[in-house]
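Residues per chain are reported as follows:
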Number of protein chains: 2
Amino acid sequence: MKQIDGGITAVSGVRAAGVHAGIKAADAKDVALIVTDTPATAAGVFTKNSVTAAPVLVCREHLSDGQAQAVIVNSGNANACTGEVGMANAQQMAVATAEQLGIDAELVLVSSTGVIGQQLPMDKVTDGIQTVASALSTEGGSDAAEAIMTTDTHPKSVAVEIEIDGTPVRIGGIAKGSGMGAPNMATMLSYLTTDARINPQTLQTALNRVVDDTYNLLTIDTDRSTNDTVILLATGHANNVDIVAAGENYETFCEGLQFVCTELVKMLARDGEGATKLVEVQVIRAKNRSDAEKAARAVAESPLVKTAIFGNDANWGRIMMAIGKSEAGFDPYQVNVYLENYQLVKNGMDAGYDENRATALLTKDSVLITIDLCAGDAEITMWTCDYSYDYIRINADYRT
Amino acid sequence: MKQIDGGITAVSGVRAAGVHAGIKAADAKDVALIVTDTPATAAGVFTKNSVTAAPVLVCREHLSDGQAQAVIVNSGNANACTGEVGMANAQQMAVATAEQLGIDAELVLVSSTGVIGQQLPMDKVTDGIQTVASALSTEGGSDAAEAIMTTDTHPKSVAVEIEIDGTPVRIGGIAKGSGMGAPNMATMLSYLTTDARINPQTLQTALNRVVDDTYNLLTIDTDRSTNDTVILLATGHANNVDIVAAGENYETFCEGLQFVCTELVKMLARDGEGATKLVEVQVIRAKNRSDAEKAARAVAESPLVKTAIFGNDANWGRIMMAIGKSEAGFDPYQVNVYLENYQLVKNGMDAGYDENRATALLTKDSVLITIDLCAGDAEITMWTCDYSYDYIRINADYRT
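Residues numbered from 1 in each chain as written. Chains lettered and ligands numbered in written order. Predicted model: local features only at pLDDT ≥ 70, side-chain atom pairs only at ≥ 80, totals over all residues. Heavy atoms only, no water.

**Student:** Can you walk me through the sheet that holds strand E13 (residues 349–350) of chain B in this structure?
**Tutor:** Sheet strands associate in pairs through backbone hydrogen bonding, adopting either a parallel or an antiparallel arrangement. Residues and elements named next belong to chain B. If you trace the 6 strands from one edge of the open sheet to the other, you get E13-E12-E11-E14-E10-E15, paired in mixed fashion. A strand with exactly one partner marks an edge of an open sheet, and here the two such strands are E13 and strand E15 (378–385). Looking at chain direction, strand E11 (residues 336–339) and strand E12 (residues 342–346) are connected through 3 bridges and run antiparallel. What sits directly across from Leu-339, in E12, is Tyr-342. (Pairing = 2+ DSSP bridges. Helix = DSSP H or I, 4+ residues; strand = E, 2+ residues; numbered from the N terminus.)

What follows is the structure, encoded as structure tokens:
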């Protein structure tokens, strides 16, 4: 596996673009389009929030046949809590895009991200669709990555090349965060492309598996968006031997996909609203995966742990408090806690660590907390960020 | 029912004191003692965190006979994650207090609050116990309320007089917060006294019921402490007719207790770390109580809702997002949301409210959010606060 440039458009058969249509204030890009040259095999994972945004409903419908050829995305407005008008607008986005591309509207997937509860300015959106369609290019991946951003401070893009039975296969991805990162996906949009030849069921199985181990283990602030979407389009241009579930080629494909999604998730965590550092919470020797996730999530979502990390304070008592409230099974007086490989807690108590050394480890821009529950052999890693003044500033002012 | 002065020492047979023993930095009071003149009927509710502090373990043991005569409390150090030494220290606090009072150590309950993971400075604690015992008075309730504080900005105390079958009965209480306010009690210590005559089982039943409707519906930041404790001592001095569960007198007693605890919970929420306002989240017409609590908790614990309230931003989309992630059952397009009586959301969409009027309601120091799920007839009220810069400041620096 080697990392390559180009993001989603590093993949053969994929063009993309991102333009400014005036949905966002200022002159930031706010409409993105991703297109494959022929209908692609497609898979998706969507928010579990019962208040579901209109574009997510459209995606679920249009993906039911496992095929798609385009994804149209606007930022600046989530088209959520917008009723029948919102639903018609989401459908209209698909229709307008299909007209520009000369394809069937059923082949167009739709996403929106931004403020909840306002109707889309459809004149701007329609103009934007026209502009973005005429800007499509095989180098447009980074513009698309930029156009899907809301409070993200920079675009997020990654691509790799793997080999499936001797044939080079590429996988690319872009994503945006950055608040509402929580239980079962962030306010999170991610679009993945590959030139792998793979059938719809296998593609969906692979995506579900990788989303469970990546996006679903990302948490910014416990809130879960109405619009979360991960879409994976496979053009089949690589002409590899067919990938079928549970074989060696499938495992190789999943590894590549896992790498792309893990890199995107780390970028999302590091760029969480107000974040000053990436925090990886690793729980080892848990009784089972469920307990490992409970303990990791309790730590990764604890405001008291996250503010302590922001303050470079090795306040391990808060980590003990968090795993204690998690309902994971363990003996408090067998727990060990480490910063990187430096032990803070031994058998549930102060390991006699040096406060200056612990502080130094916390001032780095990536912090790894390892919690050894000494209760079994399951492990998990979750990704989050610290809680800073800027989280408050960004979110106290978001609509103004 | 009438509210009276004097807090816990408004109750006949109760003396209290609070002194400075040097456990906290600066010259703040840090040891509190509450004593009844004869062994009281006693009940308690404690943290469900599996990392349980030593004093909580001592309390559970000493309360097993439903009797207690004293509560000794230190602030500045939680005596949690302190192993066998911590356990011996908690027991020693009971023994030293018993010696000062000339009573059995089994009659002494113990609490600690503050930093986790450091051993108590027992020389200072022992001196403090001696000092506080000699300071006991029937006017010492407010000193005790002060001595149990950690990051609280002011002491919290309340008392009422009710009538049980024509006999005046008093109930008083003190409490401290103010971070880690969360699922099933805050970092929260609360001591309640009454002169009611009531048997231990009925007292415990009443306390469980009222804690469920008050302290367990308080949430500051989702973190749950290792030390949470609510203790209720009944001296029996009122000489009312015996209160037995499920009768009219029991209901009257519970009403009084509910009032005292609700007032304390509101004070705790309003004084949550960094809080600039009290936020009451009321869910009405939920399918059942469990759904009502899920929806209320999701809103009350959403960092995005709480930062919006801090910013006086009527961002109702975040409220919809929060109830949507709660797993409560409802139809998103039947939901109504109000600020006080002013409607923001009608049938899941913008009610066409005036942004300035909504902002004005949010700038008040008490904010009431009512969410009508239109799904049944259960309702609940939860208490929380907004999320401000000061929450970050306080918690990034707590140990330094």
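**Student:** When you look at helix H3 (residues 122–134) of chain A in this model, what are you seeing that I'm missing?
**Tutor:** Three- or four-residue spacings in an α-helix give side chains the same orientation, since the helix completes a turn every 3.6 residues. Here H3 of chain A is 13 residues long and its end C-alpha atoms lie 18 Å apart, about the 18 Å a rise of 1.5 Å per residue gives. Where the residues of H3 of chain A are buried, they touch strand E2 (14–19), strand E3 (31–46), strand E4 (67–77) and helix H2 (83–101) of chain A. (Expected span 1.5 Å × (residues − 1). Contact = heavy atoms within 4.5 Å.)

**Student:** Honestly, the interface of chain B and chain A in this entry has me stumped. Any pointers?
**Tutor:** Taken residue by residue, the interface counts 52 residues in chain B and 53 residues in chain A. Between chain B and chain A, roughly 4400 Å² of surface is buried when both sides are summed, and carbon and sulfur atoms account for 57% of that area. For the interface between chain B and chain A, the tally reads 0 salt bridges. Breaking the side of chain B that touches chain A down by element, the ones donating at least two residues are helix H8 (303–310), helix H9 (316–325), E13 and helix H11 (389–396) of chain B. At 7 residues, the largest contribution of residues to the side of chain B that touches chain A is made by H9 of chain B. Classifying every residue of the side of chain B that touches chain A gives 23 nonpolar, 17 polar and 12 charged. (Buried area = accessible area lost by both parts, 1.4 Å probe. Salt bridge = Lys/Arg side-chain N within 4 Å of Asp/Glu carboxyl O. Nonpolar A, V, L, I, M, F, W, Y, C, P; charged D, E, K, R; others polar.)

**Student:** Explanation requested: the side chain of Lys-176 of chain A in the structure shown.
**Tutor:** Residue and element names in this part refer to chain A. Following the sequence through the fold, Lys-176 ends up in strand E7 (residues 167–176). Put simply, Lys-176 is tucked away with no salt bridge, and the nearest opposite charge, on Asp-152, sits 4.6 Å away. At a separation of 2.8 Å, a polar atom in the side chain of Lys-176 contacts the side chain of Thr-113. Only 2.9 Å separates the side chain of Lys-176 from the side chain of Thr-150, close enough to count as a polar contact. (Buried < 20%, exposed > 50% of the residue type's maximum accessible area, 1.4 Å probe, protein only. Lys, Arg positive; Asp, Glu negative; His and termini not counted. Polar contact = N/O pair within 3.5 Å; in protein donor to acceptor, adjacent residues only side chain to side chain.)

Structural measurements only, silent on function.
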